[in-house]
Amino acid sequence: MSGFAYRIAGGKHEKVAVKDALECADAMVWVHLSTNAEHAQAWLRDEAKLSEYVVEALTANETRPRCDAFDDGAFLNLRGRTEEQLDPSDMLASVRIWAERGRTISVTRKHLVATDSVAAEVERGCVSDPGDLITAFATAITADLDPVVADLGDDLDDCEQQLDASQVFALRRNVTRVRVEAINYRRFLNPQRAALEKLATLPGEWLGPDDRAHIAAAADRAARMAEELEAIRERSSLMHEALTDLRAEQLDQRGLVISIAAMVFLPLTFVTGLYGMNVEGLWFAKEPWAFDAIVALCAAIAIGVTGWFVARHWFR
């Protein structure tokens, strides 16, 4: 079974095999499983002695951030960034955590970047109870997502500075990408904020006052990121409208040029078409200077029509 475990006691930690993690009752135990196979469900049910409700919550396929109290513990589902391939519509991987006095069990299907940060906190001796571990997860996830959200805002700032009719298509692709990512991140950050806020208020001696304060701070940070993502989404909409207006203006200008060209050549087409008829009785058809006269007439009409458009400021 893929995963790892730590025993923490007296400010010291020991990395142990998952199958041996629950044998010591005097230490705080953290078990992390990175699989969703049936044998993991069996271990959670038979070895960890968790209820069926908790086992199903820890191994569910479809998840969203939430927090539920159950007996003397709490189930917490958080979403964080992963470097593994994900569906474009689901850009964050989940970590499901069961915490109670003396032990914490976490399960992931994709490796979270925050997991390494939490393990490093344990290695440094900064974790001594389940509250510290959950705080480390919440803090690491929000700290990892913060620069990603900031980068989205910077990308949109760059698009706004480059706003120009000649770059409409490239800018629209970038703005659409930023908007889609902002929507996907915000979809999880709002319920994640609510889950952390609920966790901070849950009764239980395994959550100390300092843990609740840190969890509340992580919830506030998630709320700030959700607000920033909402602002990015609104700015993206306005930017998209501005690009659409630029594109419409381009089409109007090109349509105007085509209309002017058509208006210039319309009377010329009439004259040349009239004298191109193969019938008798056309004026001066037999004269040797007739061709030069028609060419001069066409040039005069073209100059006159173009001058009229210039006087009416149609070229602006």
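Placed above this text is the structure.
This section reports on the structure supplied with the text. (Residues numbered from 1 in each chain as written. Predicted model: local features only at pLDDT ≥ 70, side-chain atom pairs only at ≥ 80, totals over all residues. Heavy atoms only, no water.)

With 67 residues, helix α6 (residues 209-275) should reach 99 Å at 1.5 Å per residue; the first-to-last C-alpha distance of 98 Å fits that figure. At Phe-265, α6 is deflected by roughly 30°, the largest bend along its length, and proline Pro-267 occurs up to four residues later in sequence. (Helix = DSSP H or I, 4+ residues; strand = E, 2+ residues; numbered from the N terminus. Expected span 1.5 Å × (residues − 1). Bend = angle between axes of the 7 residues up to and from the residue.)

The subject of this paragraph is the environment of Met-91. Tracing the chain through its elements places Met-91 in the loop between β5 (73-80) and β6 (93-100). In this structure Met-91 comes out as partly exposed when scored by relative accessible area, which is 21%. Note: C-alpha distance between Met-91 and Gly-80 (11 residues apart in sequence) is 8.8 Å. (Buried < 20%, exposed > 50% of the residue type's maximum accessible area, 1.4 Å probe, protein only.)

One finds Trp-30, Leu-76, Leu-133, Ile-134, Leu-199 and Leu-229 to be the most contacted residues of the largest nonpolar core, which totals 58 residues. Those elements that place two or more of their residues in this core are β1 (3-9), β3 (28-33), β5, β6, α3 (113-123), α4 (130-161), α5 (168-200) and α6. A per-element tally of this core places α4 first, with 13 residues. When residues no more than four places from it in sequence are discounted, the contact partners of Leu-133 are Met-28, Trp-30, Thr-104, Val-118, Val-122 and Val-127. By size, the runner-up hydrophobic cluster in this structure holds 20 residues, among which are Val-29, Val-31, Leu-50 and Val-55. (Core = buried A, V, L, I, M, F, W, Y, C linked by side-chain atoms within 4.5 Å. Contact = heavy atoms within 4.5 Å.)

All right, on to the packing of α4 against α5 then. Close contact between α4 and α5 brings their axes to 10 Å; oriented N to C, the two are set at 155°. Here α4 is positioned roughly antiparallel relative to α5, judged by the angle of their axes. The two elements α4 and α5 meet at a crossing, and its hand is left-handed. For the pair formed by α4 and α5, the contact residues are Ile-134, Ala-138, Ile-141, Leu-145, Val-148, Leu-152, Asp-155, Leu-156 and Cys-159 on the first element and Leu-171, Asn-174, Val-175, Arg-177, Val-178, Glu-181, Ala-182, Tyr-185, Leu-189, Gln-192, Leu-196 and Leu-199 on the second. Its residues placed into classes, the contact of α4 with α5 shows 16 nonpolar, 2 polar and 3 charged. (Axes fitted to C-alpha atoms, helices over the stretch in contact; angles between N-to-C directions. Parallel < 35°, antiparallel > 145°, perpendicular 65-115°, else oblique. Left-handed = near helix turned anticlockwise from the far one by under 90°. Nonpolar A, V, L, I, M, F, W, Y, C, P; charged D, E, K, R; others polar.)

Here we come to the environment of Trp-30. Inspection of the secondary structure puts Trp-30 in strand β3. Overall, the relative accessible area of 0% leaves Trp-30 in the buried class. On a C-alpha basis, the gap between Trp-30 and Asp-129 in space is 9.2 Å, while along the polypeptide they are 99 residues apart. Once residues lying within four places of it in the same chain are set aside, the contact partners of Trp-30 are Phe-4, Ala-5, Tyr-6, Thr-104, Ser-106, Val-118, Ala-119, Val-122, Leu-133 and Phe-137. At a separation of 2.9 Å, a polar atom in the side chain of Trp-30 contacts the side chain of Ser-106. (Polar contact = N/O pair within 3.5 Å; in protein donor to acceptor, adjacent residues only side chain to side chain.)

Our focus in this paragraph is a nonpolar patch on the surface. Together, Phe-270, Leu-274, Met-277 and Val-279 give the surface a local cluster of nonpolar side chains, amounting to about 370 Å² of exposed area. Counting through the fold element by element, Phe-270 comes out in helix α6. (Patch = residues over 30% accessible without salt bridge, like charges linked within 9 Å, V, L, I, M, F, W, Y side chains within 5 Å. Areas by Shrake-Rupley, 256 points an atom, 1.4 Å probe, with all protein chains shown as cover. Salt bridge = Lys/Arg side-chain N within 4 Å of Asp/Glu carboxyl O.)

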